[in-house]
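# Summary of structural features
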Amino acid sequence: MRAFARPLFLPASIKDVIESLGVPHTEVDLILVNSVPRGFGYLVGDGDYISVYPGFTSLDVSSLLQLRPPLNDIRFVVDTHLGRLATYLRMLGFDTRYETSCDDQELSRISAHRTRILLTRDRGLLRRGEVTYGYFVRATEPRRQLLEVVRRFNLFRLAAPFERCLRCNRRLEPVSKESIRDRLPPRTAECYQEFHICLDCDRLYWPGSHYEHMRRFLQHVLGATTQVSREPESPALG
Ligand SMILES: [Zn+2]
């Protein structure tokens, strides 16, 4: 924590003051002005002592938070440059919207209207007024990005690994082996008993050869307290 004086031209909203220092408003979870919690619209007064806090993950300060309503469901919309992160979040079962064709306006609109947390490495995108829930992803390597997001939003106990289509985000449905047998390589039909299908893209999933590798990775991300198992990703067929 660092205290400093900042000369300002008033009137100025506290959101504008914070963002003029390079911090998108979505990164801020609590603002105290002279020890009183305030919202982003607060107009800074002469001599105000302002404390700005990031997200709290290990301290319950919910009674103080008033910058944005708490989220009932954790859902994401991911910037076009973070495709691998989007796939990993789907692998953990999180509803994650990702389209390579989305521009900044579309991303912020989806985030605002669908109440999705916007994940991006573009600070300018997070400064948009309509974006209420967002997060600036610091890491550049996708696996580290996943770990960072899991920690930031405390997703450890919310994950449902291998329950969502990696390609189109839909929840997977169980499917009987008999009904898809003609789409399976003979050895797969012989070795595996449980299969799932995405009803949007028709992709099939079963605990194929990549499963154990991915299961270990997710286990590493979620930590030893969470058991990772369930139907895994495998090569698409059909
Ligand atoms: Zn699909």
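Here the structure is shown first, and the text comes after it.
The following paragraphs examine the structure supplied in this document. Just so it is clear, the structure is predicted and the values come from calculations on it, not from any experiment.

Spatially, three strands are ordered β2-β1-β3 in an open sheet, and the strand pairing comes out antiparallel. In this open sheet, the two edge strands, each paired with only one partner strand, are β2 (36-37) and β3 (50-53). Looking at chain direction, strand β1 (residues 30-33) and β2 are connected through two bridges and run antiparallel. Its bridge partner being in β2, L32 is matched across the sheet by P37.

The next point concerns helix α8 (residues 211-222). Here α8 contains 12 residues, and its C-alpha end-to-end distance of 16 Å stays within 8% of the 16 Å for a straight helix at 1.5 Å per residue. Looking at the buried positions of α8, the neighbouring elements they touch are α2 (83-91) and α5 (142-152). G223 occupies a position one or two residues after α8 and carries a positive phi of about 90 degrees.

The next subject is α2. Within α2, burial applies to L85, A86, Y88, L89, R90 and M91. Summarising the contacts, the buried residues of α2 are in contact with β4 (76-78), β5 (96-97), β6 (117-120), α5 and α8. G93 lies just past α2 and shows a positive phi near 95 degrees.

Reading the values: the criteria
Residues numbered from 1 in each chain as written. Predicted model: local features only at pLDDT ≥ 70, side-chain atom pairs only at ≥ 80, totals over all residues. Heavy atoms only, no water. Pairing = 2+ DSSP bridges. Helix = DSSP H or I, 4+ residues; strand = E, 2+ residues; numbered from the N terminus. Expected span 1.5 Å × (residues − 1). Contact = heavy atoms within 4.5 Å. Buried < 20%, exposed > 50% of the residue type's maximum accessible area, 1.4 Å probe, protein only.

In short, geometric facts, not functional conclusions.
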